[in-house]
Amino acid sequence: MIRTLDNVAQPNDEWSGAQPDPGTSKGPYRLYNIGSNNPVELSRFIEIIEERVGKKAQKNLLPLQPGDVPATYANVDDLITDVGYKPSTSVEEGIANFVDWYRDFYNV
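Residues numbered from 1 in each chain as written. Predicted model: local features only at pLDDT ≥ 70, side-chain atom pairs only at ≥ 80, totals over all residues. Heavy atoms only, no water.

**Q** What is the right way to look at the packing of aromatic side chains in this model?
**A** A ring pair, where both rings are aromatic, is described by two values, the distance of the centres and the angle of the planes. This model, assessed by the stated rule, comprises seven aromatic pairs. A ring pair is formed by Phe98 and Trp101, whose centres lie 5.7 Å apart and whose planes are at 35°; its orientation type is tilted. Taken together, the residues span about one helical turn, with Phe98 and Trp101 both in helix α4 (residues 91-105) at a distance of three residues. With centroids separated by 5.2 Å and ring planes inclined at 20°, the aromatic side chains of Trp101 and Phe105 adopt a geometry described as stacked. You can see Trp101 and its partner Phe105 sitting in helix α4, four residues apart, about one turn around the helix. With a relative accessible area of 44%, Trp101 lands in the partly exposed category. The rings of Phe98, Trp101, Tyr102, Phe105 and Tyr106 are connected pair by pair, giving a single aromatic cluster. (Phe/Tyr/Trp six-rings, centres within 6.5 Å; stacked < 30°, edge-to-face > 60°. Helix = DSSP H or I, 4+ residues; strand = E, 2+ residues; numbered from the N terminus. Buried < 20%, exposed > 50% of the residue type's maximum accessible area, 1.4 Å probe, protein only.)

What follows is the structure, encoded as structure tokens:
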């Protein structure tokens, strides 16, 4: 976040409401994905949380629902190009850190 302050976004003069680029604007801002630049299956996220909390999740597996996205990931190419930052925290480490923080913050 701090690094973006040193790299203020420039307006995109070619931005058009008819064919908008959702990451830019005619205004001086940019939206960045912050992730690993690699897809991770939801089942893997659940496995990591289960391992970290020492408990199995109760799952109710259903077919894809309207609006579900079958595959997606955080493309961080713009963040790397514009700001010079490439996230390097693995999903395992990130979830472990989050679970530890959550337990500490909520005294769980």
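**Q** I would appreciate a short explanation of helix α2 (residues 42-53) in the present structure.
**A** Helical periodicity: at 3.6 residues per turn, an α-helix aligns residues three or four positions apart in one direction. Given a rise of 1.5 Å per residue, twelve residues ought to cover 16 Å, and the 17 Å separating the end C-alpha atoms of α2 matches this to within 8%. Two residues or fewer after α2 comes Gly54, characterised by a positive phi angle close to 70°. (Expected span 1.5 Å × (residues − 1).)

**Q** Help me out: how do you make sense of unusual backbone geometry in this one?
**A** Leave glycine aside and you will find that most residues have negative phi; peptide bonds, for their part, are mostly trans. Unlike most non-glycine residues, Asn37 shows phi in positive territory, near 70°. Inspection of the secondary structure assignment puts Asn37 in the loop between α1 (2-5) and α2. One non-glycine residue, Asn107, lies in the positive phi region at around 50°. With respect to the helices, strands and loops of the structure, Asn107 is situated in the segment after α4. Look at Asn107 and you get exposed, because its relative accessible area is 69%.

**Q** I keep staring at the pattern of salt bridges and nothing clicks. Help me out?
**A** Where side chains of opposite charge bring their charged atoms close, a pairing between them can arise. A complete count under the given rule lists seven salt bridges for this structure. One salt bridge connects Arg44 with Glu47, and the closest N-O pair in it is separated by 3.3 Å. In this pair, Arg44 and Glu47 are both assigned in helix α2, three residues apart and thus about one turn of the helix distant. Residue classification places Arg44 among the partly exposed residues on the basis of a relative accessible area of 26%. A residue is classified by how much of its surface remains accessible, and Glu47, at 34% relative accessible area, is partly exposed. Residue Glu50 pairs with Lys56 through a salt bridge whose shortest N-O separation is 3.7 Å. Judged by relative accessible area, which is 8%, Glu50 ranks as buried. Put simply, Arg44, Glu47, Glu51 and Glu92 are held in one network by salt bridges that share partners. (Salt bridge = Lys/Arg side-chain N within 4 Å of Asp/Glu carboxyl O.)

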